[in-house]
Amino acid sequence: MASVVFGTFAVIALIVAVVLFLVLRRKPHTRVGAYVSAPIVLLVAGMLGMGSLSFGSLEAAGLRTFTPQERAAAVPCQAAVLGAEQTSNKLNGRYIWLLRLRVTPRGGSAYEIERTARLTSPTGQRLRAGNVELPCLVAHGDQSRIDIPALAK
C-alpha cells in the first residue's frame, strides 16, 4: 500500500515539475524561477520514487508465503536460531529483523540460511537470546524457501 502511495505522489510530482518548467520558462521575469523550482520538484519526485521502490521491496518480501499446494508438498523441518539482529527498518510498526538460522529438514542434512522477518520487539529479543528452535516447512525443490509459521504472527 505504501509503495502505491509513494509511486502516485512521485508521478504527480514529475508532472508538476514538467508543467511548472514549461509554463514558467516562457516569461522572462519567471525564467529563473523555472530553472530553480523544476530541479527541486524533480529531486522530490526522485526521492518519492525511491521510497516507492523501497516499500515495494519490503512488501514483496512479506508476500513470499507458501500457497496451499506448496504447503502440502513442503518438507517439515526445524530451524535453530543462531543469531538475530534488529535492523533500523520498520514496516507497520514492527522492526525488520535479520535472522541467521540452521535449518534441519526431516531426513536431510542441516544447512545455514539468513532470513528477514517482521517481528515485535519481545519476540526479537527472545530469538536474540538464542536456544530457540522453531518448527518450519521447506520447499521441496528450493531449500532457500522456508516458512516459519511461529514468526508469521
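Residues numbered from 1 in each chain as written. Predicted model: local features only at pLDDT ≥ 70, side-chain atom pairs only at ≥ 80, totals over all residues. Heavy atoms only, no water.

### With respect to the environment of V19
This is how the line gets drawn: Going along the chain from the N terminus, every DSSP run of H or I of four or more residues is numbered as a helix, and every run of E of two or more is numbered as a strand. Three exposure classes are used, based on accessible area relative to the maximum for each residue type with a 1.4 Å probe and protein chains only: buried under 20%, partly exposed in between, and exposed over 50%.
Structurally, V19 can be placed in helix α1 (residues 2–24). Owing to a relative accessible area of 46%, V19 belongs among the partly exposed residues under this scheme.

### Here we look at the nonpolar core
The criterion, for reference: Think of a nonpolar core as a cluster: buried Ala, Val, Leu, Ile, Met, Phe, Trp, Tyr and Cys residues, connected wherever their side-chain atoms sit within 4.5 Å. Note on contacts: a residue pair is in contact if any heavy atoms of the two residues lie within 4.5 Å.
Formed by 20 residues in total, the largest nonpolar core has its most connected members in L99, L101, V103, L127, I146, I148 and L151. Secondary structure elements with two or more residues in this core: β1 (75–91), β2 (94–105), β3 (111–119) and β4 (133–138). Excluding anything up to four places from it in sequence, L99 contacts G83, A84, I113, E114, R115, A117, L119, L127 and L151.

### Points about the pattern of salt bridges
Any two side chains of opposite charge can pair if their charged atoms end up close together. So the rule is basically this: Take a side-chain nitrogen of Lys or Arg and a carboxyl oxygen of Asp or Glu: if they are within 4 Å of each other, that pair is a salt bridge.
Under the counting rule described, the total for this entry stands at three salt bridges. Residue E112 pairs with R102 through a salt bridge whose shortest N-O separation is 3.7 Å. Placement of the pair is E112 in strand β3 and R102 in strand β2, with a sequence separation of ten residues. Assessed through its relative accessible area of 35%, R102 is described here as partly exposed.

### Some points on the environment of L101
Looking at the secondary structure, you find L101 in strand β2. We classify L101 as buried; its relative accessible area is 0%.

### A short note on the environment of L99
Here L99 lies in strand β2. In this structure, the C-alpha to C-alpha distance between L99 and L48, residues 51 residues apart in sequence, is 29 Å.

### So, the confidence of the model for the protein
Operational definition: Per residue, pLDDT measures the predictor's confidence, with a range of 0 to 100.
Predicted confidence across the protein gives a mean pLDDT of 85, with 95% of residues reaching 70 or more. When pLDDT is averaged over each element of the protein, β4 comes out on top at 91 and helix α2 (residues 31–62) at the bottom at 83.

### Thoughts on the state of the cysteines
Threshold: Two cysteine sulfur atoms form a disulfide, by the criterion used here, when they sit within 2.5 Å.
Tallied over the entire structure, the rule returns one disulfide. Residue pairing for C77: its cysteine sulfur links by disulfide to C136, the two sulfurs lying 2.0 Å apart. Disulfide C77-C136: the torsion about the S-S bond is -135°, which places it as left-handed. With C77 in strand β1 and C136 in strand β4, the pair connects residues that are 59 residues apart, well separated along the chain. In terms of burial, C77 and C136 fall into one category: buried.

### Re the sheet that holds β1
This is how the line gets drawn: Pairing between two strands requires that DSSP report at least two bridges joining them. Note on geometry: axes are C-alpha line fits, over the in-contact stretch for helices, and angles between N-to-C directions span 0 to 180 degrees.
The five strands are arranged β3-β2-β1-β4-β5 in an open sheet whose pairing can be described as antiparallel. Two strands close off the open sheet at either side, each with one partner strand: β3 and β5 (146–147). Lying over the sheet, helix α4 (residues 121–129) contacts β1, β2, β3 and β4, oriented at roughly 125° with respect to β1.

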